[in-house]
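# Chains, contacts and geometry: an overview
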Amino acid sequence: MTFLDPVNVADGKVDANLILQLYDRLDTAVWIFDFDHKRYLWANRKTLEITEADSLEELQSRDLGADMSPAVEQRLRQYQQDFCKGDVSFSEIWTLYPKGKPKVLQIEMSGVQLRDGRMALLCEGREHHEQQPETLRSAEALLHTTVMIALFSKDGSPLYRNTASRASCITLETRFPDQFVREEDVKDIFDLVEQERTLKFVAHVKTSLGFKWHELTIRACHDAVSGQPAYLVSEIDVTELHETKERAQYLASHDTLTGLSNRTFLQERLTHILNTADTKNQTATLYLFDLDDFKLVNDSLGHAAGDVLLQLVAEELKAIAGPEDVVARLGGDEFLICHLEKPGSVDPDWFGRSLLRSFAKPQVLEGKRRQVGLSIGYAHYPDDGRDIDQLMRHADLALYQAKSDPSAKCVRFRDRMRRLRDEHRAIKKDLERALQKNEFILYYQPIACTRTDKVVSGEALLRWQHPERGMVGPDDFIKIAEDAGLIDEIGTWVAEEVAHLQHRLHNLQYAVPLALNVSPRQLSDSSFLSLMQSLPLATGCDPSDISLEITESVILGDIPNARETLTALKHCGYQIVIDDFGTGYSNLAYLHNYPIDGIKIDRMFMEDIGTGGEIVKLILSLANALGAGVVAEGVETIEQRSWLSQNGCNRYQGYLYSRPVPEERFLSMLETQSQIAAM
C-alpha cells in the first residue's frame, strides 16, 4: 500500500494529505520497513529527524542490509514470520545508528500487509531517555548473543525471548514444559527451582531445527513489568558435546564394525542378565561361537569381504536374540549370545540348535551365495558355572570341542573337556617341536589295478613319530595343526618329500605316479601355488606324475578363486583329483567347470556294492562323461574288487591290497613287482 492514494474517510472530508500532515505532527516516530528489501517504505517527520534524513526520498534510498548484523537480520525474519501467523505486536528497546550515531528507541512493532501481499513492519518509536550504559549494552547483548534467554511465567507461558531463544523455539507460543522430549525431564522442575533458586541440567529438547541437547540454567525471579514471580531460563546448545560424549561411551562399549556390545562392556551386561536370571528363576545360557573357515574368506576374498560377512552375521544374531538377551562380538569371528530361558522349559538347549538352523541358508557375499557354518559351545547358569569368568571358560571349552568334532556343531560343556583342552595344547606345543626336529614321516598306500592287481600309483599319507606317544595318525593332529596355523608349513614339507620321491621313482624307472592331499587352507594361500610351481626345478620331479587330491568343498564355492588356482596348477602339469567323492554333493555342473583329471569314490559307497551298486554305477557314469579316471577307496573284499572290475572301475585302494606302508616298504613292493614282471 502507499499513503498517497486517496482514501474515503469521514464521508470524504478527510483526505490522504491531511492524514500525512497528522502523522507529521506526532512526536512519535512512525515508519514502515520492508523486510525483504531492508529499506524504509515510508516515514513521518519525526522519523526523518531521528534518522537525520534530508528527505523521505533520501531515507528510502538507504540500504539498511549493507551493514546489518546476522542477529538483527534473524530477529527481523522472526517478526515477519510471527506477523504472518497472527495479529501480534512486540515492544523492545533498539539502538539505531543513523549516520553512525547511536539512537536508543523504545519501539512498538506490528505487522502491516502491503498491496502486493507481502508483510511489512510498522514501527512506532519513542526516544528512550533512561539511557544507562549498562541497560543499553545488556539490550544489545541480548539481541546478538547465541545464548538462548527467555522469561516464563509460573505456569510456563513465555513472557520474553531473545533472538536466539526465538529462533530455537518451534512457535512463539511454545510453553516451557512443551519443549522437552521426555516428560520426566520437566516433571516437578519448577518446585525444585523454588527450593534451590537456581537449577542447571542437560535435557533433550524440541527445537525449530529438530531434537537437540541443551544445557539449561533456571533461576527464580520476578517479571520486571508485572512484578509477578517468573523464571529466567538460559540455554546453551551442547548437542555436539553431548553426542561426542555419547559416541565416546558407545565406542568404548560397542564393536565399531557390527554395532554389537564388545568385550569391555560385556562384564557389566552379563552381570545384569545373571542377576535377572536369579530374580526370575530363569536359566541363563552362554553361547560362544565362531564362523567355520573365516580365515579362508579373509585370505581369499580380502578383509573387506570378511568385514561384510561379520556384519551379515551380526544382523542375523540381532534378529534371533530375545529382548533381554545379550549379543556381543568378542573379536575376530568370535561372537557371544547370553540367552534367558523361562522356567519350566522342557528343552533349554533348543536355542543353540535354532542358531544353527538360522545359518543353514547361504549368505550373499561378493555377489555369490556362500554357506556360513557355525561352531557353538555353550554353558548353562548356574549348573555349568556360578560366575561369568567360569561360564566363559567352560563355554570356550565346549566351542573348542565343537570345532574339533565336525559331527557335533553345537556342544554343551562337560568336565572331560578340560582334559581334552589340556591335551590339545600339549599337542600344539609338540607339533611346533616336531617341525623343528623333523618328526614327521610319510607312509604310502598303494593304488592297484582291479584286473591285474598290480600297483599303478601311490598316495602319500602323513604320520607323526611322537617321541612318547609313538606313531600318531593325521586324524589326531591335522585339525590342531590347522587351528594353530601350522598346516601350511607341514603341507610344504609333504609336497617337497613327495616331489623328491617321485624324482627317485623316475630314476629307478618305476612308472608309478604319486598323490598327495591338499587342504582347503593350503589352496587358499597364494604361497602354495608358488611352491608347487617351483618344485620341478627344485627337486627334478615330473608334475604330470603327481596328483593333488582336493575335497569337494573346494569346487562347491568354499574357496574363492579355486578354479583359477587349480587351472594354474594344471598348466604346471599336476593332475587334479577329487578325494572322497560323493560326500560333498557335487554335481556335473560344478565338475564340468573345473580341470578335473580323476575321482576317488568314498569308502562309504563300497557297502552299496552289496545291494547292487547303483550309486557307484552312477558315479562311474559321471566320471566317464567327464573323461576322468576313477579310484575306489576302502576296498576290503575280493567281491568288491571283482564287481568294480566288471563295472568299469580299473583302480582301487584299500586294505584288500595293502595298508599304508613306510616309504622303503613301498619301494620294496615296487621292486618286487618289477622283478616279477621281468620274469
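Let me begin by describing the structure that accompanies this report. If you're wondering where the values come from, they're calculated on a predicted model, not measured in any experiment.

This part takes up the side chain of N44. Position of N44 relative to the elements: it lies in the loop between β2 (39-43) and α2 (45-50). With a relative accessible area of 0%, N44 lands in the buried category. Within polar-contact distance, the side chain of N44 engages the backbone oxygen of T28 at 2.8 Å. Ignoring sequence-local partners within four residues, the contact set of N44 consists of Y23, D24, L26, T28, A29 and V30.

Applying the stated criterion across every chain, the model contains 15 aromatic pairs. Ring centres of F33 and F35 lie 6.2 Å apart, and the angle between their planes is 90 degrees; on these two criteria the pair is classed as edge-to-face. For the residue pair F33 and F35, the accessibility class agrees, reading buried in each case. Taken together, a centroid distance of 5.9 Å and an interplanar angle of 15 degrees make the contact between F289 and F335 stacked. Placement of F289 in strand β11 (residues 283-291) and of F335 in strand β13 (residues 334-341) is noted, with a sequence separation of 46 residues between them. Across the pair, F335 and F289 agree in class, each one buried. Put simply, the rings of F152, F176, F180 and F201 pair up and form one aromatic cluster. The side chain of R659 reaches across the aromatic face of Y655, ending 3.9 Å from its centre.

The next thing to look at is the pattern of salt bridges. Inspection of the entire model under this criterion finds 28 salt bridges. One salt bridge in this structure joins E73 and K38, with 3.5 Å as the shortest N-O distance. Taken together, the residues span a long stretch of sequence, with E73 in helix α4 (residues 70-85) and K38 in the loop between β1 (29-34) and β2 at a distance of 35 residues. D116 is the salt-bridge partner of R118, the closest N and O atoms lying 2.9 Å from each other. Look at the salt bridges and you will find they share partners, linking D34, D36, R77, D116 and R118 into a network.

Ordered in space as β2-β1-β5-β4-β3, the five strands form an open sheet in which the pairing is antiparallel. Edge positions in the sheet fall to β2 and β3 (89-96), since each has one partner strand and no second. Taking the axes of each pair of neighbouring strands and ignoring which way they run, one obtains an average angle of 35 degrees across the sheet. Direction of pairing for strand β4 (residues 103-113) relative to strand β5 (residues 119-127): antiparallel, over a ladder of nine bridges. Bridge assignment links Q106 to a residue of β5, and that residue is R126. In this fold α4 packs onto β1, β3, β4 and β5, with an angle of close to 160 degrees to the strand it touches most, β3.

Right, let's get into the nonpolar core. L431, F440, M532, L548, L569 and L644 are the most contacted members of the largest nonpolar core, which has 73 residues in total. With residues near it in sequence (within four places) discarded, L644 still touches T450, M606, I609, V616, A632, V635, C649 and Y652. One finds A284, L288, A402 and M417 within the second-largest nonpolar core, a separate group that totals 27 residues.

Here we take up the sheet that holds strand β17 (residues 410-412). An order of β12-β13-β11-β16-β17 is seen for the five strands of this open sheet, with the pairing classed as mixed. Edge positions in the sheet fall to β12 (326-331) and β17, since each of these pairs with one other strand and no more. Adjacent strand axes in the sheet meet at a mean angle of 20 degrees when their direction is disregarded. Relative to β13, β12 runs antiparallel, the two sharing five bridges. Note that in β13 the partner of V326 across the bridge is C338. Its contacts with the sheet put helix α14 (residues 388-404) on β11, β12, β13, β16 (374-381) and β17, and the angle it makes with β16 is roughly 145 degrees.

On to the packing of helix α19 (residues 526-539) against helix α21 (residues 562-572), then. At their nearest, the axes of α19 and α21 sit 10 Å apart, and the two run at 5 degrees to each other. Relative to α21, the element α19 lies roughly parallel. Seen from α19, the contacting residues are F528, L529, M532 and Q533; seen from α21, they are T565, A568, L569 and C572. Split by residue class, the contact of α19 with α21 holds six nonpolar, two polar and no charged.

Looking now at α4. When the terminal C-alpha atoms of α4 are compared, their 23 Å separation across 16 residues agrees well with the 22 Å that a helix rising 1.5 Å per residue should span. Looking at α4, one finds that the buried residues are A71, V72, R75, L76, Q78, Y79, Q80, D82 and F83.

On the secondary structure map, Y655 appears in the loop between β26 (651-652) and β27 (661-662). Once the C-alpha coordinates of Y655 and E636 are considered, the two residues, 19 residues apart in sequence, prove to be 5.3 Å apart. Setting aside chain neighbours within four positions, we find Y655 in contact with Q445, V635, E636 and P660. For Y655, the side chain forms a polar contact with the side chain of R659, separated by 3.2 Å.

For the rest of this paragraph, the subject is unusual backbone geometry. Each neighbour pair has its own omega, and for Y381 with P382 the value is 10 degrees, a cis peptide bond. Examined against the element boundaries, P382 turns out to sit in the loop between β16 and α14. Here N281, not a glycine, exhibits a phi torsion of approximately 55 degrees, which is positive. The topology assignment puts N281 in the loop between α10 (263-280) and β11. Within the chain, N438 stands out as a residue other than glycine whose phi angle is a positive 55 degrees. As for its position among the elements, N438 is in the loop between α15 (416-437) and β18 (440-449).

Turning our attention to α15. The first and last C-alpha atoms of α15 sit 31 Å apart over 22 residues, in line with the 32 Å expected at 1.5 Å per residue. Turning to α15, its buried residues are M417, R421, H424, I427, D430, L431 and A434. The positive-phi residue at the C-terminal boundary of α15 is N438, with phi of around 55 degrees.

The N-to-C vectors of α10 and α14 enclose an angle of 110 degrees; their axes lie 11 Å apart at closest approach. Taken together, the axes of α10 and α14 lie roughly perpendicular to each other. Residues R263, L266, Q267, L270, T271 and L274 of α10 touch α14, and the partners they reach there are I388, D389, L391 and M392. Across the contact of α10 with α14, the residue classes break down as six nonpolar, two polar and two charged.

This part covers the pairing of β1. It is a general feature of regular strands that their side chains alternate between the two faces of the sheet. Taking burial as the measure, the six residues of β1 include six buried ones, the bulk of the element. Taking every second residue as pointing to the same face, both faces of β1 are buried, with A29, W31 and F33 on one and V30, I32 and D34 on the other. With five bridges connecting them, β1 and β5 associate as antiparallel partners. The residue of β5 that forms the bridge with W31 is C123. Between β1 and β2, which pair antiparallel one after the other, the connecting turn spans four residues, and K38 there sits at a positive phi close to 55 degrees.

Cut-off values and rules
Residues numbered from 1 in each chain as written. Predicted model: local features only at pLDDT ≥ 70, side-chain atom pairs only at ≥ 80, totals over all residues. Heavy atoms only, no water. Helix = DSSP H or I, 4+ residues; strand = E, 2+ residues; numbered from the N terminus. Buried < 20%, exposed > 50% of the residue type's maximum accessible area, 1.4 Å probe, protein only. Polar contact = N/O pair within 3.5 Å; in protein donor to acceptor, adjacent residues only side chain to side chain. Contact = heavy atoms within 4.5 Å. Phe/Tyr/Trp six-rings, centres within 6.5 Å; stacked < 30°, edge-to-face > 60°. Lys NZ or Arg CZ within 6 Å of the ring centre and 35° of its normal. Salt bridge = Lys/Arg side-chain N within 4 Å of Asp/Glu carboxyl O. Pairing = 2+ DSSP bridges. Axes fitted to C-alpha atoms, helices over the stretch in contact; angles between N-to-C directions. Core = buried A, V, L, I, M, F, W, Y, C linked by side-chain atoms within 4.5 Å. Parallel < 35°, antiparallel > 145°, perpendicular 65-115°, else oblique. Nonpolar A, V, L, I, M, F, W, Y, C, P; charged D, E, K, R; others polar. Expected span 1.5 Å × (residues − 1).

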